[in-house]
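Geometric and topological summary
If you want the building blocks of each chain, they are given just below.
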Amino acid sequence: MSVSSNTLRLVSIASPVLLVVIWQACASGGLIDTRFFPAPWAVAQEGWLMVKSGEIWTHTGISVVRILVGFLLGAVPGVIIGLAMGLSPLVRAIMQPLISATFPIPKVAILPLFILMFGLGEMSKYAVIAISVIYLVIINTYEGVRGINRIYMDVGKNFGATRWMMFKDVALPGALPNILAGMRMALAVALLIIVAAEFLGAKAGIGYLIWDRWQIFAIEKMYVGPMKTAILGFLSTWLFDLAEYLFMPWRRQDSNR
Amino acid sequence: MMRAEERRVAFRAVTKSFVSSTSSVTAVGPIDLDVRDGEFLCILGPSGCGKTTLLRILGGLEHQTTGDVELSPIDGRTPTNAMVFQEHGIFPWLNVKDNVAFGLKARKLGRRQRGEIADTLIEKVGLGHFKNAYPHQLSGGMKQRVSIARAFATDPDILLMDEPFAALDEQTKILLQAELLRIWEETRKTVLYVTHSLDEAIVLADRVLVMTNRPGRTKSIIDVAGIFPRPRDVEAIKRSPEYGLVFAQIWEALRDEVIAHAREPGA
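Residues numbered from 1 in each chain as written. Chains lettered and ligands numbered in written order. Predicted model: local features only at pLDDT ≥ 70, side-chain atom pairs only at ≥ 80, totals over all residues.

Focus on the overall build of chain B
Stated formally: Secondary structure elements are taken from DSSP: a helix is a run of H or I of four residues or more, a strand is a run of E of two residues or more, and numbering for both begins at the N terminus. A radius of gyration in this sense is built from C-alpha atoms; the matching globule rule multiplies 2.2 Å by the number of residues raised to 0.38. Field definition: a residue is buried when 20 or more other C-beta atoms are found within 10 Å of its C-beta, exposed when 12 or fewer are, and partly exposed for counts in between, with C-beta atoms placed from the backbone.
Scanning chain B from terminus to terminus reveals eight helices and nine strands. Expected size for 267 residues packed as a compact globule is a radius of gyration near 18 Å; at 19 Å, chain B falls within 12% of this value. Taken over the C-alpha atoms alone, chain B extends approximately 50 × 50 × 40 Å along its principal axes. Put simply, chain B has 267 residues, and 42% of those count as buried.

Section: the domain arrangement of chain B
All names here are of chain B. In plain terms, the rule: Domain ranges listed in this record stem from an automatic or a database domain assignment. Think of it this way: build a C-beta for each residue from its backbone, and any pair within 7 Å is a contact. Asp, Glu, Lys and Arg are counted as charged, while Ala, Val, Leu, Ile, Met, Phe, Trp, Tyr, Cys and Pro are counted as nonpolar; the rest, among them Gly, fall into the polar class.
Partitioning chain B into domains gives domain 1 (1–80 + 158–241) and domain 2 (86–155). Listed as interface residues are 14 residues of domain 1 and, on the opposing side, 12 residues of domain 2. Within the residue set of the side of domain 1 that touches domain 2, elements represented by two or more residues are β6 (158–162) and α5 (170–187). Among the elements that take part in the side of domain 1 that touches domain 2, α5 stands out by supplying five residues, more than any other. By residue class, the composition of the side of domain 1 that touches domain 2 is nine nonpolar, two polar and three charged.

Side note on helix α2 (residues 96–106) of chain B
All names here are of chain B. For α2, the buried fraction is high: nine of the 11 residues fall into the buried class. Where α2 is concerned, the buried positions are Val-96, Lys-97, Asp-98, Asn-99, Val-100, Ala-101, Phe-102, Gly-103 and Leu-104. Lys-108 lies just past α2 and shows a positive phi near 65°.

With respect to the environment of Arg-114 of chain B
All names here are of chain B. Residue position: Arg-114 is located in helix α3 (residues 111–124). C-beta crowding within 10 Å serves as the criterion here: with 21 such atoms nearby, Arg-114 is assigned to the buried category. Each C-alpha atom of the pair Arg-114 and Asp-98 lies 9.0 Å from the other, and the pair is 16 residues apart in sequence. Each residue touching Arg-114, except ones within four places of it in the same chain, is listed here: Ala-101, Leu-104, Lys-105 and Leu-109.

Digging into the sheet that holds strand β1 (residues 7–19) of chain B
Residue and element names in this part refer to chain B. Condition: Strands pair, by our definition, only if DSSP identifies at least two bridges between them. Every axis in this analysis is a line fitted to C-alpha atoms, fitted for helices over the stretch in contact. Angles between the N-to-C directions lie between 0 and 180 degrees.
Read from one edge of the open sheet, three strands run β2-β1-β4, paired in antiparallel fashion. Looking at the sheet topology across the chains shown, the edges are occupied by β2 (24–36) and β4 (66–71). Strand-to-strand twist of the sheet, defined as the mean angle between neighbouring strand axes without regard to direction, takes the value 15°. Relative to β2, β1 runs antiparallel, the two sharing nine bridges.

Details of the interface of chain A and chain B
Contacts between the two partners involve 18 residues from chain A and, on the opposite side, 20 residues from chain B. Elements with a minimum of two residues in the side of chain A that touches chain B: α7 (150–158) and α8 (163–200) of chain A. A per-element tally of the side of chain A that touches chain B places α7 of chain A first, with six residues. Its residues assigned to classes, the side of chain A that touches chain B comprises nine nonpolar, five polar and four charged.

So, the confidence of the model for chain B
Convention followed: Note on scores: pLDDT gives the predictor's confidence for each residue, bounded by 0 and 100.
With 99% of its residues at a pLDDT of 70 or more, chain B has an overall mean of 90. Listed scores for the predicted complex are pTM 0.83 and ipTM 0.90.

A look at the pairing of strand β3 (residues 40–44) of chain B
Look at any regular strand and the pattern is simple: side chains alternate between the two faces of the sheet. Residue and element names in this part refer to chain B. Counting buried positions along β3 yields five of five residues, so the element is predominantly enclosed. The alternating pattern of β3 places Phe-40, Cys-42 and Leu-44 on one face and Leu-41 and Ile-43 on the opposite face, and all of these are buried. Note that β3 and strand β7 (residues 190–194) share four bridges and pair parallel. Of the residues in β7, the one forming a bridge with Phe-40 is Val-191. Where β3 meets strand β8 (residues 207–211), four bridges bridge the pair, whose relative direction is parallel. Pairing of Ile-43 across the sheet is with Leu-209, part of β8.

A few points about helix α10 (residues 219–247) of chain A
All names here are of chain A. Where we set the bar: Expected helix span is taken as 1.5 Å per residue step, with the number of steps being one fewer than the number of residues.
Between the first and last C-alpha of α10 there are 42 Å, a value that for 29 residues agrees with the 42 Å anticipated at 1.5 Å per step. Among the residues making up α10, those that are buried are Lys-221, Met-222, Tyr-223, Val-224, Gly-225, Lys-228 and Leu-232. On its buried face, α10 is in contact with α2 (40–53), α3 (55–87), α8 and α9 (206–215).

Examining the packing of α8 of chain A against α10 of chain A
All names here are of chain A. Inclusion rule: Should an angle fall under 35 degrees it is taken as roughly parallel, and over 145 as roughly antiparallel, whereas 65 to 115 is taken as roughly perpendicular and any remaining angle as oblique. Two helices that cross are described as forming a left-handed crossing if the nearer one is turned anticlockwise from the farther one by less than a right angle, and a right-handed crossing if clockwise.
In the contact formed by α8 and α10, the axes pass within 11 Å of each other and the chain directions differ by 165°. Taken together, the axes of α8 and α10 are roughly antiparallel relative to one another. In the crossing of α8 with α10, the sense of the turn from one axis to the other is right-handed. Taking contact as the criterion, the partners of Leu-176, Leu-180, Met-183, Arg-184, Leu-187, Ala-188, Leu-191 and Val-195 in α8 are, on α10, Thr-229, Leu-232, Gly-233, Ser-236, Phe-240, Ala-243, Glu-244 and Phe-247.

Some points on the sheet that holds strand β9 (residues 218–223) of chain B
Residues and elements named next belong to chain B. Read from one edge of the open sheet, six strands run β5-β6-β7-β3-β8-β9, paired in mixed fashion. Where the open sheet ends on each side, the last strands, each with one partner, are β5 (81–84) and β9. If you compare each strand with its neighbour and ignore which way they point, the axes differ by 20° on average. The pairing of β8 with β9 spans five bridges and is antiparallel. Its bridge partner lying in β9, Arg-207 is registered against Asp-223. Packing of helix α8 (residues 241–262) onto the sheet brings it into contact with β3, β8 and β9, and relative to β9 it is tilted by some 175°.

Describing the packing of α8 of chain A against α9 of chain A
Residue and element names in this part refer to chain A. Two elements in contact, α8 and α9, have axes whose closest approach is 7 Å; the angle formed by their N-to-C orientations is 55°. Taken together, α8 and α9 sit at an angle that is classed as oblique. Of the two possible hands of crossing, α8 and α9 adopt the one that is right-handed. Where α8 abuts α9, its residues Ile-194, Val-195, Ala-196, Ala-197, Glu-198 and Phe-199 lie against Ile-206, Gly-207, Tyr-208, Ile-210 and Trp-211.

Below you can see the structure in the form of structure tokens.
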């Protein structure tokens, strides 16, 4: 059975809407306990109140800044290390055992250590995001370089490409699809980690908001937090689609072929 | 043996072995070979006889196991080379112009100078309207034109061509052979050209080196320049009675080697 692309687009919009409608119906009809599962409408109203009071922007803004700073602190060195590992057997030999040994450690488990090291301020948040991001970026970048057809390395070598050119003009663009895929995952993980980190040692942020409302049993308000992370997640997907379009012009399907 | 001043490249008892943890296979040699300055040498031989390995040694991509490769200096400097690879040799992430300018960038030429040289070469291979196109927008023949332009752009003393047209259809191949000859006639660079096609070797080469089955050595060298003078007309060559004679001569040298290769286990 073939389905037209317009139909598919419509279905993918309709499915989350339908879920919300069913949820609302169940809540209104008394089929679910609204103390735990408040109606979407009630959550939306709470959310709107928080938008009007500005509270929502403060908390979201703080979390977003933490994610972005932490992400950059992890992703930039991650790409550099991954490329170096892909190009240099020596760097690979040094890094690979270290990564294999430390990658499985749950990064949230290091948060108390970071709080000891950096205090309760922003730095401990940046650090835990960065450490979560860097592994995914390193591993994906490295795999990306390994997956580059040998012939491009040969071309670089035969034409006397400098080390910098091999890095920037061969390895980086060759691995870019993998790098962006790794960053996509890493940003999703960063969202997850920041909420967990803010449960513990924070006075603001999306995680703090959820935890604080849970403690005072303001369930509708508590639901606003996950909603926001969902929206941020959606925005990040869109952002990466845009990044792929901008940074990989050779992948664009062109119409005038 | 040719006189030293005519010579551009000399292989002296060169061998190449590929060693794995369990075995060692000698792919090439020992081979002795002189390549004349400005000559177009085609290399024929059964699969796996190390034709490509000879090019890769010259191109700095591999090192011989034993023996010497001597390059006669030009005005006191070591001759440069550039390789035209089989299909997929151009970078998918660079547009035509940046692909052609790649070797110039490696030589640290300024952006403007790179652009000018690249533009000239792109025009020369007839891709003027495709400067900003990416490889996925080009046909196989156009991609190989880019590859040829990139090699000529660095103005190398030696051109190494590894079955550049092998993946193309017959019609495109004929057109590109004629174009290659036209561009080559302008500069008469020393060319080492690996091919599987006897026809291609006859049309392009001054001399044809036929290699033995693995480990590849010199089986015989057939002079074509004496029969078909330059500049050449590809169609006229194919129509001439000499064409068939040269073809038979090359095939006679090659046939036993191809049969030997076909009888090897795993062949």
